[in-house]
2 protein chains.
Amino acid sequence: MNLNGIIEFIEPDMKRVEAYIHRQLAAPVQVITEIFEYTVGAGGKRLRPALCLLSANAVGQVNEDAISLGGNVELVHTVTLIHDDIVDESHTRRGKTTANAKWGNEITVLVGDYMFSKVFVYLTADGFHPWTSLLAQTTTKMSAGELLEIEFRRKWDLAEEEYFRLIQYKTAELMAAACQVGGMAAGGSGPEIEALKEYGLNFGMAFQVTDDLLDIVGDNQRLGKPVWNDLREGKVTLPLIHALETAPPADREQILQLVSQEQIPQHDIDTLISPLICRYGVEYSRGLAADFADKAKAAASSLPDSRGRKALIDMAEFVVSRNR
Amino acid sequence: MNLNGIIEFIEPDMKRVEAYIHRQLAAPVQVITEIFEYTVGAGGKRLRPALCLLSANAVGQVNEDAISLGGNVELVHTVTLIHDDIVDESHTRRGKTTANAKWGNEITVLVGDYMFSKVFVYLTADGFHPWTSLLAQTTTKMSAGELLEIEFRRKWDLAEEEYFRLIQYKTAELMAAACQVGGMAAGGSGPEIEALKEYGLNFGMAFQVTDDLLDIVGDNQRLGKPVWNDLREGKVTLPLIHALETAPPADREQILQLVSQEQIPQHDIDTLISPLICRYGVEYSRGLAADFADKAKAAASSLPDSRGRKALIDMAEFVVSRNR
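Draft legend 1. Inspection of the overall build of chain A at higher detail. The secondary structure content of chain A amounts to 14 helices and two strands. Each of the three principal axes of chain A carries a C-alpha extent, and together these read 60 × 45 × 30 Å. Counting across all 324 residues of chain A, residues that qualify as buried make up 52%. Excluding contacts between residues fewer than 6 apart, the proportion of contacts in chain A whose partners are at least 24 apart in sequence is 73%.

Draft legend 2. The interface of chain A and chain B, seen in detail. Across the contact, 37 residues belong to chain A and 37 residues belong to chain B. When residues of the side of chain A that touches chain B are traced back to their parent elements, those giving at least two are α2 (30-38), α4 (64-87), α6 (105-123) and α7 (130-151) of chain A.

Draft legend 3. Quick look at the relation of the copies chain A and chain B. The two copies are related by a screw operation: chain A maps onto chain B through 180 degrees of rotation and 0.0 Å of translation along the axis, at an RMSD of 0.0 Å. The operation mapping one copy onto its partner corresponds to a two-fold rotation axis. Proximity to the rotation axis, assessed at the C-alpha, singles out Phe128(A) in chain A; its C-alpha lies 2.4 Å from the axis. Both copies share a contact surface, since 100% of the interface residues of chain A are interface residues in chain B too.

Draft legend 4. Quick look at the packing of helix α1 (residues 3-23) of chain A against helix α3 (residues 47-59) of chain A. Residue and element names in this part refer to chain A. The interhelical angle for the contact between α1 and α3, taken along N-to-C directions, is 125 degrees, at an axis separation of 10 Å. If you check the angle between α1 and α3, you find them oblique. Two packed elements cross with a definite hand, and for α1 against α3 that hand is right-handed. Taking contact as the criterion, the partners of Ile10, Asp13, Met14 and Val17 in α1 are, on α3, Pro49, Ala50, Leu53 and Leu54. Of the residues in the contact of α1 with α3, the class split is seven nonpolar, no polar and one charged.

Draft legend 5. How the structure looks around helix α6 (residues 105-123) of chain B. Between its terminal C-alpha atoms α6(B) stretches 27 Å, which fits the 27 Å expected from 19 residues at 1.5 Å a residue. The element α6(B) is extensively covered by neighbouring structure, given that 18 of its 19 residues are classed as buried.

Draft legend 6. Local environment of the environment of Asp65(A). Structurally, the position occupied by Asp65(A) is in helix α4. Considering only alpha carbons, one finds Asp65(A) and Val181(A), 116 residues apart in sequence, at a separation of 9.0 Å.

Draft legend 7. Spatial organisation of the environment of Lys310(A). With respect to the helices, strands and loops of the structure, Lys310(A) is situated in helix α14 (residues 307-321). Separated by 100 residues in the primary sequence, Lys310(A) and Thr210(A) have C-alpha atoms spaced 22 Å apart.

Draft legend 8. Broad picture of the packing of α3(A) against helix α8 (residues 160-185) of chain A. All names here are of chain A. Where α3 contacts α8, the axes come no closer than 7 Å and their chain directions differ by 40 degrees. Our classification of the angle between α3 and α8 gives oblique. Crossing hand, α3 versus α8: right-handed. Contacts between α3 and α8 involve Arg48, Leu51, Cys52, Leu53, Ser55, Ala56 and Val59 from the former and Leu174, Met175, Ala178, Cys179, Val181, Gly182, Gly183 and Ala185 from the latter.

Draft legend 9. Broad picture of α8(A). Residues and elements named next belong to chain A. Between its terminal C-alpha atoms α8 stretches 35 Å, which fits the 38 Å expected from 26 residues at 1.5 Å a residue. The axis of α8 is deflected most strongly, by about 50 degrees, at glutamine 168. In terms of burial, α8 is largely enclosed, as 20 of its 26 residues are buried. With its phi angle positive at about 80 degrees, glycine 187 sits one or two positions after the end of α8.

Draft legend 10. The arrangement of unusual backbone geometry in detail. At Arg46(A), a position not held by glycine, the phi torsion is positive, near 55 degrees. The buried category is assigned to Arg46(A), around which 21 C-beta atoms lie within 10 Å. The backbone of Trp228(B) shows a phi angle near 55 degrees, a positive value even though the residue is not glycine. Note on placement: Trp228(B) falls in the loop between α9 (190-217) and α10 (229-232). Since 20 C-beta atoms lie within 10 Å of it, Trp228(B) is described here as buried.

Draft legend 11. Examining the confidence of the model for chain A more closely. Residue and element names in this part refer to chain A. When pLDDT is averaged across chain A, the result is 92; 100% of the residues are at 70 or more. Across chain A, the element-wise mean pLDDT spans from 78 in strand β1 (residues 92-93) up to 98 in α8. Across the whole predicted complex the pTM is 0.90, and at the interface the ipTM reaches 0.84.

Draft legend 12. Structural detail: the environment of Ile7(B). Looking at where Ile7(B) falls in the secondary structure, it is placed in helix α1 (residues 3-23). Note: C-alpha distance between Ile7(B) and Thr78(B) (71 residues apart in sequence) is 21 Å.

Definitions and limits used
Residues numbered from 1 in each chain as written. Chains lettered and ligands numbered in written order. Predicted model: local features only at pLDDT ≥ 70, side-chain atom pairs only at ≥ 80, totals over all residues. Helix = DSSP H or I, 4+ residues; strand = E, 2+ residues; numbered from the N terminus. Buried ≥ 20, exposed ≤ 12 C-beta atoms within 10 Å, placed from the backbone. Contact = placed C-beta atoms within 7 Å. Least-squares fit on C-alpha atoms with pLDDT ≥ 70 in both. Axes fitted to C-alpha atoms, helices over the stretch in contact; angles between N-to-C directions. Parallel < 35°, antiparallel > 145°, perpendicular 65-115°, else oblique. Left-handed = near helix turned anticlockwise from the far one by under 90°. Nonpolar A, V, L, I, M, F, W, Y, C, P; charged D, E, K, R; others polar. Expected span 1.5 Å × (residues − 1). Bend = angle between axes of the 7 residues up to and from the residue. pLDDT = per-residue confidence, 0-100.

Dropping the structure here:
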């Protein structure tokens, strides 16, 4: 199944998720609705709802719970983007002015809080469900991950396992939860939910390692070349970590000296940093991303054969092969 | 029972709440623990846990649930203070440097998010409880209240009912929830919980109207006179609303002109604004605060006679009679 095949397979249910999200945009204060519509309402890849629906399909049927859980997982993701843009003082995200740049930090912090509370109103509205405490724990890990990212900024001697802990908390845990809650909604068995968790965690790791790689080797549509945003923001990612760990001392010193400049000149990136990191860090990182994707596929393969399982396996293939 | 009597009555249980809060300060990222200790760990009036414990006492016994709910209500309150200080760009709160001024907005937003998630981890950890969805709904209302506060800033024609809606969401709802969850933990009946809600809502309204009054007539220890912070921040409170509604046209025009200055000179406050607002708005506001306190007392009086009920009634008396 190629990506179009996957999209076609879940499209009717994705439309239901979209309708669910739009029903959640109404709020008692006008600016909340405006910011909701501007952020979550404006669309996006909806990768987490897709994982939720495919997981439900892999162990049973998509029902109303799977639809609303898919929507709420996307709302949690949106809150982290909104608060993240405040943290990074970002003015644009994917070419669009951020909410904080448009409405100011103050309102944007509070709208994030409101959206987050609303997810918990949904989660706690009608008695106990197994997904409720899972999602609460996941959001805690995500906040810890965001804080690790700040703590690790410009930490040039970051260890590989610190980087993995960071991206697990920041990215992979929510993707794992998206898979688990989809499976739970569809009535999956204990071992099936465990397999979906394993799938989602490894899928998330593969996704983030690839994302970090694309920042330095990807084909940015606007620039026609990689953007190197992470390095400019002091984010230490796997290719740099591995380059610093494996380059001979002279090259290692040069990389360190170049990346630790307060403002890195574009010329240094193009002519010095890029060749060095590509030489010592890129292939290794691609290999690790592929390993994570393989682990995700192996986890999904333990599920009974179904169209949902097939789509999960193909998604894991796709996530490491994309080039933007 | 005077305030000391109330404090003595619940002191052993308040110490258990304090110990509970301190057990929650451990976190996987060092800076989270530091900020937790600096904010919630540094103490405070702990008014909301006190309401929770007194309510439990009024309808039954304080048990472990009442202790941990008291602690979690205080954590929710602390998150709102932390995010509020970011919103107001405050550098000090009660004479102490704020977390955002000390650690920066970015970290402080995320530590607030972390603390908030942790409350929901507690709330959803062991099956369904009636207080879980109540607290989720309350936090949603609180975010909406904070946003109303921004929306209503420098809105000089704010109506009294808009002001009441704002302070209900911002302040009274959490105090009502603190009372209700204490009562629920102690096994109170439906009508008892309803009475505690009525008590807490009216107590909270009396508290906030009085707080807003003290900003313009209270004896600030540092200044030796009222601080008038709300007006400087463009917050429209009851005394101003009533003054603008009831002053003769000439005085009304003068007030409007004075308060809508971009920067209000201290001299204008001392010699012009203060006398006008005191003439037209203060007695009326005191009267409404007393009315709310009376309604709170009436609600508590419907509970069976007990030391807890007596303390709730005395607290409502105290909340409007304090002068700082």
